[in-house]
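Topology and contacts: notes
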Amino acid sequence: MEQLAVLSDWREPLILAGQVLLILLLAWAVQRLVGRGITRLGERYAALPTELWLPLRGLLRWLIMGSALMLVLERLGVSAEVLWTALTGFVAVAAVAFFAIWSVLSNMFCALLIFSMGPFRIGDIVEVIDSADKPGVKGRVMAINLFYTTLEDPEAANALIQVPNSLFFQKSVRRWR
């Protein structure tokens, strides 16, 4: 009889530990499957650079693990109301931060458009036209990254110009191949 009492004392914590372990294992498995799927998409569509696939995979990994953490906390007795309040508070702070770094995100989004639409390529000569009567920034495209497009200045020897990617969508662009 005493053994049954000891087993019943341990039964609930063991079930809880099993549930937590199951949640974590499922989250790990889902994260691995999603990561492999994104890697396969990146290999299949080689026109899009890895700079686009890696952040997507990281974002989904954090989303899956964050969801698993929320489920584990819920199983451990943290109320859903507290979790929801914490989550909405975090989202509100993230929204404020999003607006604070809007220009950075704008350049990253424009880099995505440059990579996917291909309005110009490395090696092309481009000119960002300021207005009809003023010459703009002109040079050979040397590199394109998430924030800037690097142009080689044709008039100054070994001079590079870094143009924010968003500028290519705010102004007219002249291109020579």
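Residues numbered from 1 in each chain as written. Predicted model: local features only at pLDDT ≥ 70, side-chain atom pairs only at ≥ 80, totals over all residues. Heavy atoms only, no water.

**Quick notes on the overall build of the chain**
Scanning the chain for helices and strands turns up five helices and five strands. Traced from its N-terminal end to its C-terminal end, the chain shows the element sequence α-α-α-α-β-β-β-β-α-β. C-alpha extents for the chain along the principal axes are approximately 95 × 35 × 25 Å. Per-residue burial for the chain yields a buried fraction of 20% across its 177 residues. Within the chain, contacts between residues at least 6 apart in sequence are counted, and of these 47% link residues at least 24 apart. (Helix = DSSP H or I, 4+ residues; strand = E, 2+ residues; numbered from the N terminus. Buried < 20%, exposed > 50% of the residue type's maximum accessible area, 1.4 Å probe, protein only. Contact = heavy atoms within 4.5 Å.)

**Thoughts on the pairing of strand β3 (residues 148-152)**
Where strand β2 (residues 137-144) and β3 come together, four bridges link them in antiparallel fashion. Bridging across to β3, I144 finds its partner in T149. The turn joining β2 and β3, which pair antiparallel and follow one another in sequence, is formed by three residues. (Pairing = 2+ DSSP bridges.)

**Description of the UniProt feature "transmembrane region" (unreviewed entry) in the chain**
Listed under "transmembrane region" (unreviewed entry) in the UniProt record, and renumbered for this structure, are residues 14-34, 59-78 and 90-115. For residues 14-34, the end-to-end C-alpha separation is 30 Å, with 100% helix and 0% strand making up the annotated structure. (UniProt positions renumbered as here; feature names shortened; annotations may be inferred.)

**Overview of the nonpolar core**
Counting residues in hydrophobic clusters, the biggest one holds nine residues: I114, F120, V126, V128, V141, I144, L151, V163 and F168. Looking at this core, the elements that each hand over two or more residues are β1 (125-129) and β2. Residues in contact with V128, not counting those within four places in the same chain, are G136, V137, L167, F168, K171 and S172. If you look at the next biggest cluster of nonpolar residues, it comprises six residues, including V20, A27, I64 and V72. (Core = buried A, V, L, I, M, F, W, Y, C linked by side-chain atoms within 4.5 Å.)

**Quick notes on the domain arrangement of the chain**
Under the domain assignment, the chain is made up of domain 1 (1-78) and domain 2 (80-176). Taking the mean C-alpha position of each, domain 1 and domain 2 sit 35 Å from one another. Taken together, the two surfaces of domain 1 and domain 2 that pack against each other cover about 670 Å², and 87% of this comes from carbon and sulfur. When the area that domain 1 buries against domain 2 is broken down by residue, the three leading residues are L52, M70 and V78, summing to 58%. On the surface where domain 1 and domain 2 come into contact, there are zero salt bridges. Our count for the contact surface shared by domain 1 and domain 2 stands at zero residue pairs in polar contact (both at pLDDT 80 or more). For the side of domain 1 that touches domain 2, the class distribution of residues is six nonpolar, no polar and one charged. (Domains from an automatic or database assignment. Buried area = accessible area lost by both parts, 1.4 Å probe. Salt bridge = Lys/Arg side-chain N within 4 Å of Asp/Glu carboxyl O. Polar contact = N/O pair within 3.5 Å; in protein donor to acceptor, adjacent residues only side chain to side chain. Nonpolar A, V, L, I, M, F, W, Y, C, P; charged D, E, K, R; others polar.)

**A short note on the confidence of the model for the chain**
Per-residue pLDDT for the chain has a mean of 85; in total, 94% of the residues score no lower than 70. The spread of mean pLDDT over the elements of the chain runs between helix α1 (residues 2-44), the lowest at 83, and β3, the highest at 93. (pLDDT = per-residue confidence, 0-100.)

**Here we look at helix α4 (residues 102-117)**
It helps to recall that an α-helix has 3.6 residues per turn; residues three or four apart then point in one direction. Here α4 is 16 residues long and its end C-alpha atoms lie 22 Å apart, about the 22 Å a rise of 1.5 Å per residue gives. Every buried residue of α4 is listed here: N107, C110, A111 and I114. Buried residues along α4 cover an arc of 110° about the axis, so they all sit on one side. The inward-facing, buried residues of α4 abut β2, β3, β4 (160-164) and α5 (167-170). Looking one or two places after α4, you find G118, whose phi comes out positive at around 65°. (Expected span 1.5 Å × (residues − 1). Arc of directions from axis to C-beta.)

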